[in-house]
Amino acid sequence: MSYDNLTLHTDKYQINMMYAHWKNGTDSHQAVFEAFFRKLPFGNGYAVFAGLERIINYINHLQFDEETIRYLQEQEEEYDPAFLEKLRGFRFTGNISAVPEGTIVFANEPLIRVEGKIFEAQLVETALLNFMNFQTLIATKASRIRQVAPEDTLMEFGTRRAQEADAAIWGARAAYIAGFDATSNMRAGMLFGIPSKGTHAHAWVQDHDTEEEAFRHYAAALPNQVTLLVDTYDTLRYGVPNAIKVAKWMEQQGKRMSAIRLDSGDLAYLSKTARTMFDEAGLPYVKIVASNDLDENIIFNLKAQGARIDSWGVGTQLITAADQPSLGGVYKLVAREKAGAFVPVIKISGNPEKVSTPGIKEAYRLISKQTGKAEADCVTLIGETEVLQGKRLKLYDKLHPYLFKYVDNYDAVQLLKPIFQAGKQVYELPELEQIREYHRQQLTQFWPEYLRKLNPEVYLVDLSAKAWQQKMDLIHDYTSAKLE
Ligand SMILES: Nc1ncnc2c1ncn2[C@@H]1O[C@H](COP(=O)(O)OP(=O)(O)OP(=O)(O)O)[C@@H](O)[C@H]1O
Ligand SMILES: O=P(O)(O)OC[C@H]1O[C@H](OP(=O)(O)OP(=O)(O)O)[C@H](O)[C@@H]1O
Ligand SMILES: O=C(O)c1cccnc1
């Protein structure tokens, strides 16, 4: 089965709600939803937004074709044929704003805003969250790994352990955005233009009578990219000495071995000893690649132990975000049309962090004119102008009011950019290399205290006084209404 129409890549309850709106005659009512997450993953101080390319692609190709219509008909007898007829002509006609991929983002600020007919805006929730949550999670994990090895080559090796094919390729892309240098996945390489890299597996060595013969045959076949896996039998007793012999043999033919790969054992000890052996053999140019269930913590520790590793192959831990395998991004209705105008809506919860923030919002990054560094993000109601005028602001985290600061002399950068207007794509997707460079620039806007991997400083995401007051008013209205 090869069916790639993603229109039904949604939860049934979205179609049920579309149906009920249509039945009630409210399907064309305008609504505004915002996507955000409430908690940063991995205890990190920031996240790296990704997923927009796939979202744009998805929105552009939304279409209930005959096969999907037939399926809906068979699935749900209650769906009126006239509803299915309406779906035939469906397309997304609303507005979408989003932060560009590679942007550093934080909890509780809108990352995607969807405005349009409730019928359309409801359908897209599931897919938008699916793409944003996964890709942002992997980009953030990759960013943590890049942080501990700023100068080294990082290769994404995760496909065999990824949660299926889509996760492998979009995860590879997310990792590249956040600073990885290459992927082993050739399809990701082909589709996105990510550099592809690869060594060889144990099978290559096992399929020869001797390790030395295996190394020689490999070097003869691909003399310009020889990275030999040296741990099939015994790294220091056989693997490294055999690799040294083959490197000398290559030199006689005017070639240079690129590297060896260590894939088991004590990577610190083995890399230091192997480095000495290569150096003493007059082969200082042969680099050392390591793999084996690596993540940012192991890499950090290996470096602390003085490991002599130049390049890291990272698979499982990255592509599955093993220490936190999902990002809890949500998509919340913030305003709906009533009597021809938008009214803010709220979701009340016993958990204060889950009370939604009503109203259509904008998010700004306040960049100090003096230092060029980000001081805080400010979430306002749309149309508020104080932030844009550069007025002195007292910002504080409303859930934790002891976190506050004053900012002035700043530039306010609007985080959400228009992506679709009246259903038409108005945003030109940057090239992947530009996204990667943009992400690198983004990192320079933050003090290192916010970026550090362990116990980072909390970056302030403030809610404007007006947005806060509106939230309080609605909480009051709803909770007192309930008591009556
Ligand atoms: N010096 C080190 N300090 C901390 N962690 C290390 C060090 N060397 C290796 N590791 C990590 O320890 C873990 C070792 O796992 P494991 O015991 O499965 O590997 P192994 O002994 O190399 O055997 P296998 O052949 O099964 O891969 C891996 O995640 C590896 O990256
Ligand atoms: O460890 P990861 O970060 O996921 O990196 C990818 C791993 O995949 C390969 O081996 P594979 O796991 O297939 O076999 P092995 O465990 O026997 O080495 C490779 O040798 C790495 O060890
Ligand atoms: O090229 C490699 O060495 C590689 C690729 C994928 C998984 N493990 C290793």
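Residues numbered from 1 in each chain as written. Chains lettered and ligands numbered in written order. Predicted model: local features only at pLDDT ≥ 70, side-chain atom pairs only at ≥ 80, totals over all residues. Heavy atoms only, no water.

Moving on, we come to the environment of Ala268. With respect to the helices and strands, the residue Ala268 is situated in helix α12 (residues 267-280). On the basis of relative accessible area, Ala268 is assigned to the buried category, the value being 2%. Sequence spacing of Ala268 and Ala290 is 22 residues, and the spatial spacing of their C-alpha atoms is 9.7 Å. Sequence-distant contacts of Ala268, defined by excluding residues within four places in its chain, comprise Leu302, Gln305 and Ala307. (Helix = DSSP H or I, 4+ residues; strand = E, 2+ residues; numbered from the N terminus. Buried < 20%, exposed > 50% of the residue type's maximum accessible area, 1.4 Å probe, protein only. Contact = heavy atoms within 4.5 Å.)

What follows is about the sheet that holds strand β20 (residues 424-425). Spatially, β13-β12-β1-β5-β3-β19-β20 is the arrangement adopted by the seven strands of the open sheet, whose pairing is antiparallel. Unpaired on one side and paired on the other, β13 (341-344) and β20 mark the two borders of the sheet. Bridge count for strand β12 (residues 330-338) against β13 is four bridges, and the pairing is antiparallel. Opposite Lys338, over in β13, you have Ala341 as the bridge partner. Against the sheet, helix α2 (residues 52-60) makes contact with β3 (95-98), β5 (112-117), β19 (417-421) and β20, and its axis sits at roughly 15° relative to β19, the strand it touches most. Against the sheet, helix α6 (residues 125-148) makes contact with β1 (30-36), β5 and β12, and its axis sits at roughly 145° relative to β12, the strand it touches most. (Pairing = 2+ DSSP bridges. Axes fitted to C-alpha atoms, helices over the stretch in contact; angles between N-to-C directions.)

Our focus in this paragraph is the sheet that holds strand β9 (residues 259-262). The strand order β7-β6-β11-β10-β9-β8 describes an open sheet built from six strands, whose pairing is parallel. In this open sheet, the two strands that pair with only one neighbour each are β7 (182-183) and β8 (227-229). As paired strands, strand β6 (residues 153-156) and β7 are joined by two bridges and run parallel to one another. Bridge pairing in β7 links Glu156 to Thr183.

Now for unusual backbone geometry. Residue Asn409 is not a glycine yet carries a positive backbone phi of 55°. Considering the arrangement of structural elements, one finds Asn409 in the loop between β17 (404-407) and β18 (410-414). Look at Ala422: it is not a glycine, yet its phi comes out positive at around 45°. Relative to the helices and strands, Ala422 resides in the loop between β19 and β20.

Turning our attention to the site of ligand 3. The local shell around ligand 3 consists of Phe157, Arg160, Ser184, Gly198, Thr199 and Arg261. Arg261 places a side-chain nitrogen or oxygen 3.2 Å from an oxygen atom of ligand 3. Residues of the shell around ligand 3, tallied by class, amount to one nonpolar, three polar and two charged. (Near = heavy atom within 4 Å. Polar contact = N/O pair within 3.5 Å; in protein donor to acceptor, adjacent residues only side chain to side chain. Nonpolar A, V, L, I, M, F, W, Y, C, P; charged D, E, K, R; others polar.)

Quick look at the packing of helix α7 (residues 164-177) against helix α15 (residues 432-444) now. The N-to-C vectors of α7 and α15 enclose an angle of 50°; their axes lie 8 Å apart at closest approach. Between α7 and α15, the interaxial angle falls into the category oblique. Here Arg173, Tyr176 and Ile177 of α7 lie close against α15, whose contacting residues are Leu432, Glu433, Ile435, Arg436 and His439. Split by residue class, the contact of α7 with α15 holds four nonpolar, one polar and three charged. (Parallel < 35°, antiparallel > 145°, perpendicular 65-115°, else oblique.)

This next bit is on the UniProt feature "domain: Nicotinate phosphoribosyltransferase C-terminal" (unreviewed entry) in the protein. Using the residue numbers shown here, the UniProt feature "domain: Nicotinate phosphoribosyltransferase C-terminal" (unreviewed entry) corresponds to residues 361-471. For residues 361-471, the end-to-end C-alpha separation is 12 Å, with 22% helix and 35% strand making up the annotated structure. (UniProt positions renumbered as here; feature names shortened; annotations may be inferred.)

This next bit is on the domain arrangement of the protein. Interface size is commonly expressed as the accessible area that is lost once the parts come together. Per the domain assignment, the segments of the protein are domain 1 (12-138 + 325-483) and domain 2 (139-319). Here the C-alpha centre of domain 2 lies 39 Å away from the C-alpha centre of domain 1. The partner domain 2 presents 27 residues to the 24 residues of domain 1 that form the contact. Note on domain 1 versus domain 2: buried area summed over both sides is about 2300 Å², and carbon and sulfur give 54% of it. (Domains from an automatic or database assignment. Buried area = accessible area lost by both parts, 1.4 Å probe.)

The next thing to look at is the packing of aromatic side chains. In the structure shown here, the tally under the stated rule is 17 aromatic pairs. Ring geometry for Trp170 and Phe192: centres 4.8 Å apart, planes at 55°, overall tilted. Of the two residues, Trp170 sits in helix α7 while Phe192 sits in helix α8 (residues 186-192), which places them 22 residues apart along the sequence. The same class applies to Trp170 as to Phe192, namely buried. Ring geometry for Tyr450 and Tyr459: centres 5.2 Å apart, planes at 90°, overall edge-to-face. Considered together, Tyr450 and Tyr459 belong to a single accessibility category, that of buried residues. The ring of Phe119 has Lys86 lying over it, and the distance from NZ or CZ to the ring centre is 5.3 Å. (Phe/Tyr/Trp six-rings, centres within 6.5 Å; stacked < 30°, edge-to-face > 60°. Lys NZ or Arg CZ within 6 Å of the ring centre and 35° of its normal.)

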